[in-house]
Amino acid sequence: RWKEEWWENAVIYQVLPWSYKDSDGDGIGDLQGIIERLDYIGSLGVDAIWLTPIFVSPMDDLGYDITDHHQVSPLFGSMDDFKCLLELAHKRGLRVVLDMVWNHTSNQHEWFQQSRQDRNNPKADWYVWADPGKNGGPPNNWLSSFSGDSAWHFDEIRQQYYLANFLASQPDLNWFNAEVRAQVLNCARFWLDLGIDGMRLDAVNFFCHDPQLNDNPIRGQNDPLPHGIDPDNPLAKQRFCNSFCRPETLDMLAPLRRLVNQYPGVMLLGEVIEADDSIRLAAQYTAGDQRLHLAYHGGLLFKERMSARRLREVVGQALEEFANGGACWIVGNHDFGRLHSQWNAANEPYPREFYLMMAVLLLVLPGAFCLWQGDELGFNEARIPEDISPEQLRDPFGRLMYPKLKGRDGSRTPMSWTSEEPNAGFTTGTPWLPISRTHFECSVAAQQSTPDSLLNHWRSLLHWRMTQPALQSGSARLLDLNEHVFALLREESEQRLLCIFNLSDQTVSVDLREFGPLLPVQGIGYRKQLDSIAELAPWDVVLADMPVPSE
Ligand code: TEU
């Protein structure tokens, strides 16, 4: 290995325990199910597993609403199951990252139940409480990211409003309270002592709010709309710089980082999604050595069709903002849909070559990458029937936005293990979300036995990537070869790797003479022969080694 720390260029496989593998027939995946599939995960060639929340919760929001931070939800198994998973993962060289939800708790958490009693109890200040505004309504104009309605909810017992940036049943913790921050450190210490390798910090850019409770600025008619937000969505009307995305949060991460520094090899990964300028904001969370190691951003979550121009903009910005590392890429997850349904607002399907190319492209970008379970199989977004009723949706966000939006269920459906078994081998019971017809065909079993399957392509790329010094720790530079082409030079003292992608459905030719003699890369089945003027078929890839100048 050439890199200093495992996470710098890690591929982190995101596992949703609900949908991975059910071992007991209740229709919901569990920790024993994941244990059964560790060989599969190990065979992919990823560095770590990120488990979405596994803690005790009423499960209003997939477990992002916690009532006990120190216990595993019985829905997924026991603490012993978790310890077993951790040990067996480590045996296979897989690291385990837990999803920590510290922006809010469940309203059923005993902290909130106490906090709401009155204004003087010991936990009175643990959540964000405020008196009604001048008109007797909510204290200000802040909106919930989940409903587009007020983020404030009136509590009848305490006779005050509390802040909830997501569901009403997910009250925001008050990060300005030192006891709350101490509880967070306790929780972190508890899991660190058990030997976990990292923590994903859910909604980390939501931790602090403006203590003055100033209104969010209203977006003017001529202000550019943020990327990926529907103009009809009420959230498009505000800039969320007071209800979240506050600079105060950045300094509050230092004690957590100091704690984590006592556990060598442990990584902190922040979720920093912000509609206006996600890359810039995410980079702030990894700047210096007192914040997070990595942050994932929404740079690649745009809706328009993929193009070389757009990609150059996004990667170019990330190279600048994350000049000292810390970038983590996502192209979809349990919130943002599937790789196979991205960049496709016009609903014109891309050919198979596009996805083969995207796998290479994503794996040569500098920084870490989160691979969402099922994307290695080419899952498309499961179709939610038009006539579905809101009660049939499992995602509370979908229920709140119904019928305009139907939420995130389409990205969260179960893994497909075999093509012939009922429920694709995921469960012997009734799956908690229906398994998409099209997902049966691309099961793990079917693809393992097909040499040129997408799954085998991802696998060989992931293994190849580990052997390429320039991809492990090399610098990255964008090259301007042709308007339809995205090209990147990854450079390290031992290797100079030229990566060229045709981002169009036309054949293009690129002149490679300026790079001198080129060699096809070893260890991956791309082009045995390189011409100095290369013809690239639609969605074609060129990977070439440039000789390293000798000293
Ligand atoms: O997401 C928080 C978040 O910042 C948004 O990405 C949010 O998912 C989006 O606005 C909805 O389209 C995290 C979790 O990833 C998500 O699953 C939880 O629902 C949310 O926090 C609340 O805990």
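Fair warning: this is a prediction, and the values are worked out from it, not measured in the lab.

A count of helical and extended segments in the protein gives 16 helices and 20 strands. In summary, the protein has a C-alpha radius of gyration of 24 Å against a globular reference of 24 Å for 551 residues, a match within 12%. In terms of overall dimensions, the protein has a C-alpha envelope of 75 × 55 × 50 Å along the principal axes. Across the 551 residues in the protein, those meeting the buried criterion constitute 46%. Looking at the protein alone, contacts between residues at least 24 apart form 66% of all its contacts between residues at least 6 apart.

All right, on to the site of the ligand then. The environment of the ligand is made up of 13 residues, and the closest members are Tyr64, Ser145, Phe166, Ala203 and Asp335. Across the shell around the ligand, the residue classes tally to 7 nonpolar, 2 polar and 4 charged.

What follows covers the packing of helix H11 (residues 352–364) against helix H15 (residues 454–466). The contact between H11 and H15 brings their axes to 10 Å, and the two run at 20°. Our classification of the angle between H11 and H15 gives roughly parallel. The interaxial crossing formed by H11 with H15 has right-handed handedness. Along its contact with H11, which presents Tyr355, Leu356, Ala359, Val360 and Leu363, the element H15 presents Leu454, His457, Trp458, Leu461, Leu462 and Arg465. Class assignment for the residues of the contact of H11 with H15 results in 9 nonpolar, 1 polar and 1 charged.

On to the sheet that holds strand S6 (residues 129–130), then. A sheet is described by the order of its strands in space; here 3 strands give the open sequence S6-S8-S7, paired in antiparallel fashion. Bordering the open sheet on either side are S6 and strand S7 (152–155), each of which pairs with just one other strand. Here S7 pairs with strand S8 (residues 160–163) via 4 bridges, running antiparallel. For phenylalanine 154, the partnering residue across the bridge sits in S8 and is tyrosine 161.

Inspection of the secondary structure puts histidine 70 in strand S4 (residues 68–72). The spatial distance from the C-alpha of histidine 70 to the C-alpha of phenylalanine 190 is 7.3 Å, given a sequence separation of 120 residues. Leaving out residues up to four positions away in the same chain, histidine 70 has contacts with Cys187 and Phe190.

A word on unusual backbone geometry. For the peptide bond that leads from tyrosine 402 to proline 403, omega is -5°, which places it in the cis range. The phi angle at methionine 59 is positive, at roughly 60°, despite the residue not being glycine. Turning to its location among the elements, methionine 59 is positioned in the loop between strand S3 (55–56) and S4. Notably, cysteine 245 is not glycine yet its phi reads approximately 60°, a positive angle. Within the secondary structure, cysteine 245 is located in the loop between strand S9 (198–201) and helix H7 (248–252). C-beta crowding within 10 Å serves as the criterion here: with 20 such atoms nearby, cysteine 245 is assigned to the buried category.

What follows covers the nonpolar core. Ranked by size, the top nonpolar core spans 151 residues in total, and within it Ile12, Ala48, Ile49, Leu269 and Cys328 carry the most contacts. No other element matches H11, which puts 6 residues into this core. Of the residues that make up this core, three or more belong to each of domain 1 (11–103 + 178–209 + 244–465) and domain 2 (475–546).

Here we take up the environment of phenylalanine 369. Among the secondary structure elements, phenylalanine 369 is positioned in strand S13 (residues 368–372). Accessibility expressed as a C-beta count within 10 Å gives 22 for phenylalanine 369, which makes it buried. When the C-alpha positions of phenylalanine 369 and alanine 10 are compared, they lie 6.4 Å apart, and in sequence the two are 359 residues distant. Leave out the neighbours within four places in its chain, and phenylalanine 369 touches Val11, Cys328, Trp329, Leu362 and Leu363.

Each assigned domain of the protein is listed with its residue range as follows: domain 1 (11–103 + 178–209 + 244–465) and domain 2 (475–546). Taking only C-alpha atoms into account, the centre of domain 1 sits 30 Å from that of domain 2. Of the residues lining the interface, 20 residues belong to domain 1; the matching set on domain 2 comes to 16 residues. Those elements that provide at least two residues to the side of domain 1 that touches domain 2 are helix H10 (308–321), H11 and H15. Top element by residues in the side of domain 1 that touches domain 2 is H10. It accounts for 7 residues. For the side of domain 1 that touches domain 2, a count of residues per class yields 14 nonpolar, 3 polar and 3 charged.

Two numbers describe how helix H6 (residues 178–194) lies on helix H8 (residues 254–261): the axes approach to 10 Å, and their chain directions differ by 20°. Relative to H8, H6 is oriented roughly parallel. Here the hand of the crossing between H6 and H8 comes out right-handed. Along its contact with H6, which presents Arg181, Val184, Leu185, Ala188 and Arg189, the element H8 presents Pro255, Leu256 and Leu259. Within the contact of H6 with H8, the residues separate by chemical class into 6 nonpolar, no polar and 2 charged.

Thresholds applied
- Residues numbered from 1 in each chain as written.
- Predicted model: local features only at pLDDT ≥ 70, side-chain atom pairs only at ≥ 80, totals over all residues.
- Helix = DSSP H or I, 4+ residues; strand = E, 2+ residues; numbered from the N terminus.
- Rg over C-alpha atoms; globule rule 2.2 N^0.38 Å.
- Buried ≥ 20, exposed ≤ 12 C-beta atoms within 10 Å, placed from the backbone.
- Contact = placed C-beta atoms within 7 Å.
- Near = placed C-beta within 6 Å.
- Nonpolar A, V, L, I, M, F, W, Y, C, P; charged D, E, K, R; others polar.
- Axes fitted to C-alpha atoms, helices over the stretch in contact; angles between N-to-C directions.
- Parallel < 35°, antiparallel > 145°, perpendicular 65-115°, else oblique.
- Left-handed = near helix turned anticlockwise from the far one by under 90°.
- Pairing = 2+ DSSP bridges.
- Core = buried A, V, L, I, M, F, W, Y, C linked by C-beta atoms within 7 Å.
- Domains from an automatic or database assignment.

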